[in-house]
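# Working through the structure, step by step
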Amino acid sequence: MNLTLHVWRQAGAGAAGTFVQYEAKNVEPDMSFLEMLDEVNEGLIQRGEQPIAFDSDCREGICGMCSLMINGIPHGPERGTATCQLFMRHFKDGDVIYVEPWRAKAFPVMKDLVVDRSAFDRIIAAGGYITAATGGARDANSILIPKTAVDEAMDAAACIGCGACVAACPNGSASLFTGAKISHLGLLPQGQPERDRRVVNMVAQMDEEEFGGCTWHGECQEACPKEISIDVIARMNRDYLKAVVMQRAGNGRGESGNG
Ligand code: SF4
Ligand code: FES
């Protein structure tokens, strides 16, 4: 099939950007969206032009590097699918496709379709870890964890940090990402000692990075390639409220139960 692409081109962070039209010819239905862009780039390189800059790494839906706004939808039209796993069979001959970078103040464009997502790294550094004693690995059954907690923690841990939730949100909020990271540790016994500090520090960092607030549009969970539920935002808000109330009462929770 043959397609017409309108791709956002921007030479650098401070430069003005614009859409540039390209023809993608002889696109195979089994190509991924990124492979289609690779082919377009081959043609640009052969003509001595600058290839289109875009992010990718694993190309199998696990690293979170791919990050394209395709026809106004983060990761394109297929639900629960990262850009690297979006195949061209979902498009048809003659389609016109607009390709843009994530649009959010906290994700400045670095070049063409590449944005700076280091704000996410700083949110993780603010509390997205547990402190564990070193030494030999503990027996897997020495800490019993309820099946429901494991399942919910694993659902939250599926977040690949792509940023589609931010790009989809009219407020540019990072609440789905931050809520997922807080949930996946906060639901497990190993995550309890730092649970209060974690939520307070990660929410503070999220605000510092100038992500917007969550007003429950729900666009984030629709765009998320891992279909993470906005339940994680409700859990983050509840944990935050509890932690702040306890702090004001001068009574840090320390270890607390799952939930
Ligand atoms: S919550 Fe979903 S959309 Fe947001 S960063 Fe994680 S995987 Fe990407
Ligand atoms: S390139 Fe790794 S998730 Fe898409």
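Residues numbered from 1 in each chain as written. Chains lettered and ligands numbered in written order. Predicted model: local features only at pLDDT ≥ 70, side-chain atom pairs only at ≥ 80, totals over all residues. Heavy atoms only, no water.

## Some thoughts on the overall build of the protein chain
Let me state the cut-off plainly: Only DSSP runs of H or I covering at least 4 residues are called helices, and only runs of E covering at least 2 are called strands; the numbering of each starts at the N terminus. Partly exposed residues are those whose accessible area sits between 20% and 50% of the maximum for their type, while under 20% is buried and over 50% is exposed, using a 1.4 Å probe and protein chains only. Residue exposure ignores everything except the shown protein chains as possible cover, and the areas themselves are Shrake-Rupley values with a 1.4 Å probe.
Regarding its fold elements, the protein chain presents 8 helices and 7 strands. The dimensions of the protein chain, computed from C-alpha atoms along their principal axes, are 65 × 40 × 35 Å. Within the protein chain, buried positions represent 46% of all 259 residues. In the structure as shown, the protein chain presents an accessible area of about 12,900 Å², 51% of it carried by carbon and sulfur atoms.

## A word on helix α3 (residues 147-157)
For clarity, the threshold we go by: What the arc covers is the set of directions going from the helix axis to the C-beta atoms. In this description, contact between two residues means that some pair of their heavy atoms is separated by no more than 4.5 Å.
Every buried residue of α3 is listed here: Ala149, Ala153 and Ala156. Projected down its long axis, α3 carries its buried residues within an arc of 60°, all on one side. Of the exposed residues in α3, those oriented more than 90 degrees away from the buried face are Lys147, Thr148, Met154 and Asp155. Where α3 is buried, its residues meet α5 (175-186) and α8 (231-248).

## A word on the sheet that holds strand β1 (residues 3-10)
To keep it simple, the criterion reads: Strands are treated as partners if at least two bridges between them are detected by DSSP.
Spatially, 5 strands are ordered β2-β1-β5-β3-β4 in an open sheet, and the strand pairing comes out mixed. Sheet topology places β2 (17-24) and β4 (73-74) at the edges, where each strand pairs with a single neighbour. Of the strand pairs in this sheet, β1 and β2 are connected by 8 bridges, and their pairing is antiparallel. Paired with Leu5 across the strands is Tyr22, a residue of β2.

## What about the packing of α5 against helix α6 (residues 195-208)?
Going by this rule: The convention used is that axes are lines fitted to C-alpha atoms, helices contributing only their stretch in contact, and that angles between N-to-C directions extend from 0 to 180 degrees. Any angle between 65 and 115 degrees counts as roughly perpendicular, while under 35 counts as roughly parallel, over 145 as roughly antiparallel, and the rest as oblique. Should the near helix be turned anticlockwise from the far one by less than a right angle, the crossing is termed left-handed; should it be turned clockwise, right-handed. Basically, the charged four are Asp, Glu, Lys and Arg, the nonpolar ten are Ala, Val, Leu, Ile, Met, Phe, Trp, Tyr, Cys and Pro, and anything else, Gly included, counts as polar.
Contact geometry for α5 and α6: axes closest at 11 Å, N-to-C directions at 165°. Taken as axis vectors, α5 and α6 run roughly antiparallel relative to one another. The crossing of α5 and α6 is right-handed. Within the contact between the two elements, α5 uses Ser175, Thr178, Lys181, Ile182, Leu185 and Gly186 and α6 uses Arg195, Arg198, Val199, Met202, Val203 and Met206. Residues belonging to the contact of α5 with α6 are distributed by class as follows: 6 nonpolar, 3 polar and 3 charged.

On their own, these measurements won't tell you what the molecule is for.
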